[in-house]
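# Geometric and topological summary
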Amino acid sequence: SIYEGFGPAVFREALSEGDSVLEKMRSCAAIILEHIDYHGVCGFDFRADASGNVWFLECNPRFTGGICVQASAGLNLPLTLYRLMSKECVKKSE
């Protein structure tokens with residue numbers, strides 16, 4: 001799904017599982033987080049072109065303004081994080 005609007009982001013696109021661009025972004029984020037030994041909420045910004053090239057822009061240790069995109073897709077990240085921290089069972093669909 002695509003979100004276009006005003007505020008923290010002008011354009012965002014939700015990528016599907018298995019998308020090669022998504023996998024490149026995840027790989028880059030994992031390398032960075034492992035290198036700095038970070039565990040917690042973290043937002044990454046990337047840019048990708050039509051050829052599938054991915055560029056890392058920045059990383060912020062907080063929920064980002066794009067949380068509305070995840071919420072519109074049915075993912076409640078603050079609640080999921082709370083449940084994980086409380087050692088509650090979290091289903092993959094949550």
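Structure's up top.
Residues numbered from 1 in each chain as written. Predicted model: local features only at pLDDT ≥ 70, side-chain atom pairs only at ≥ 80, totals over all residues. Heavy atoms only, no water.

Take helix H3 (residues 77–85) next. Counting along an α-helix, one turn takes 3.6 residues, and residues three or four places apart therefore face a common direction. Its side-chain oxygen placed 3.1 Å from the backbone nitrogen of Leu79, Asn76 serves as the N-cap of H3. A positive backbone phi angle near 60° is found at Lys87, which sits one or two residues after H3. (Polar contact = N/O pair within 3.5 Å; in protein donor to acceptor, adjacent residues only side chain to side chain. Helix = DSSP H or I, 4+ residues; strand = E, 2+ residues; numbered from the N terminus.)

Turning our attention to unusual backbone geometry. Non-glycine residue Asp37 carries a positive phi angle of around 55°. Within the element layout of this structure, Asp37 appears in the loop between helix H1 (20–36) and strand E3 (43–48).

Turning our eyes to something else, we now look at the pattern of salt bridges. Pairs can form between side chains of opposite charge whenever their charged atoms are close. The tally for this structure, following the rule as stated, stands at two salt bridges. Between Arg26 and Glu17 there is a salt bridge, with the nearest N and O atoms lying 2.8 Å from each other. Residue Arg26 is classed as partly exposed on the basis of its relative accessible area, which comes to 39%. Exposure remark for Glu17: the relative accessible area of 62% places this residue in the exposed category. Between Glu23 and Arg26 there is a salt bridge, and its shortest N-O distance comes to 3.5 Å. (Salt bridge = Lys/Arg side-chain N within 4 Å of Asp/Glu carboxyl O. Buried < 20%, exposed > 50% of the residue type's maximum accessible area, 1.4 Å probe, protein only.)

All quantities given are derived from atomic positions and should not be read as evidence of function.
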